[in-house]
Amino acid sequence: MRVRFNRPAGIACIVGAVGFGLLALLSDRVSFVGAMAPVAFLGFGIAVLTRPYLIIAENSVVVKALIGSAQETYGLTAADVIEFDGKRVFLVNENGRRRLRGITGWLANGRDWAVFRAWAERRHAARAEHGT
């Protein structure tokens, strides 16, 4: 299962790129940073709209970086439980409760986030039913 980034965030970045690009185009002098801001916003916008935010498998949750190939993988055992506290996500296992870094609900697509929550609840219910 894949959880995508929030589409309005990507669209806002692209609109910001257009706005900054127009400002740079219309100004008399533009610094290097001023010229690169639209490119950076456009890059972030495209990345938000095309890259997955999370990849969830039965035994792992992978948090993908917005830019580049970096990712953080959280392994899941049969006894692990994923809990939601507002828009934050926690992994509960025999070592205690720890926050899954980089995962927040506001960055996720609303429908995908709901599917992720339902998956975590079904997984927890199945584990409870089997006594693990």
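Residues numbered from 1 in each chain as written. Predicted model: local features only at pLDDT ≥ 70, side-chain atom pairs only at ≥ 80, totals over all residues. Heavy atoms only, no water.

### Some remarks on the side chain of Asp112
Item 1. Topologically, Asp112 is positioned in helix α3 (residues 110-129).
Item 2. Contacts of Asp112, omitting those with residues within four sequence positions, involve Arg2, Val3 and Arg4. (Helix = DSSP H or I, 4+ residues; strand = E, 2+ residues; numbered from the N terminus. Contact = heavy atoms within 4.5 Å.)

### Observations regarding the pattern of salt bridges
Item 1. Under the criterion given, the structure shown has four salt bridges.
Item 2. In this structure, Asp112 and Arg4 form a salt bridge, with 2.7 Å as the shortest nitrogen-oxygen distance. Of this pair, Asp112 sits in helix α3 while Arg4 sits in strand β1 (residues 2-4), and the two are 108 residues apart along the sequence. (Salt bridge = Lys/Arg side-chain N within 4 Å of Asp/Glu carboxyl O.)

### Quick word on the pairing of strand β5 (residues 81-85)
One face of the sheet, then the other: side chains in a regular strand alternate in exactly this way.
Item 1. Sheet topology note: the β5/strand β6 (residues 88-93) ladder contains five bridges and is antiparallel. Residue pairing in the sheet places Ile82 in a bridge with Leu91 of β6.
Item 2. Taking the residues that link successive antiparallel strands as the turn, the β5-β6 hairpin has two residues, and the phi of Gly86 there is positive, at about 70°. (Pairing = 2+ DSSP bridges.)

### Looking at the nonpolar core
A general feature of soluble globular proteins is that nonpolar side chains tend to end up buried together.
Item 1. Counting residues in hydrophobic clusters, the biggest one holds 21 residues, and the most contacted among them are Leu54, Ile82, Val89, Ile103, Trp113 and Phe116.
Item 2. At the level of elements, β2 (52-57), β3 (60-64), β5, β6, β7 (96-104) and α3 are the ones that each hand at least two residues to this core.
Item 3. Dropping the residues within four chain positions of it, Leu54 is found in contact with Met1, Arg2, Val3, Val62, Val63, Ile103, Trp113 and Phe116. (Core = buried A, V, L, I, M, F, W, Y, C linked by side-chain atoms within 4.5 Å. Buried < 20%, exposed > 50% of the residue type's maximum accessible area, 1.4 Å probe, protein only.)

### Some words on the packing of aromatic side chains
Item 1. Under the criterion given, the structure shown has six aromatic pairs.
Item 2. A centroid spacing of 4.8 Å and a plane angle of 35° characterise the contact between Phe5 and Tyr53, whose relative ring orientation is tilted. A residue pair is termed long-range when its members are at least 10 positions apart, and Phe5 in the loop between β1 and α1 (7-26) and Tyr53 in strand β2 qualify at 48 residues. Taken individually, Phe5 and Tyr53 each receive the classification buried, so the pair is uniform in this respect. (Phe/Tyr/Trp six-rings, centres within 6.5 Å; stacked < 30°, edge-to-face > 60°.)

### Side note on the packing of α1 against helix α2 (residues 32-50)
Item 1. With their axes 8 Å apart at the nearest point, α1 and α2 run at an angle of 160° to one another. When the interaxial angle is binned, α1 and α2 end up roughly antiparallel. α1 and α2 meet at a crossing whose hand is left-handed. On α2, the residues touching Arg7, Ala9, Gly10, Ile11, Cys13, Ile14, Gly16, Ala17, Phe20, Gly21 and Ala24 of α1 are Gly34, Pro38, Phe41, Leu42, Phe44, Gly45, Ile46, Val48 and Leu49.
Item 2. Class assignment for the residues of the contact of α1 with α2 results in 14 nonpolar, five polar and one charged. (Axes fitted to C-alpha atoms, helices over the stretch in contact; angles between N-to-C directions. Parallel < 35°, antiparallel > 145°, perpendicular 65-115°, else oblique. Left-handed = near helix turned anticlockwise from the far one by under 90°. Nonpolar A, V, L, I, M, F, W, Y, C, P; charged D, E, K, R; others polar.)

### A look at the sheet that holds β3
Strand pairs in the sheet, formed through backbone hydrogen bonds, run parallel or antiparallel to each other.
Item 1. The sheet built from four strands is open, its strands ordered β1-β2-β3-β4 with antiparallel pairing. Two strands close off the open sheet at either side, each with one partner strand: β1 and β4 (71-75). Looking at each pair of strands side by side, their axes are set apart by 15° on average, direction ignored.

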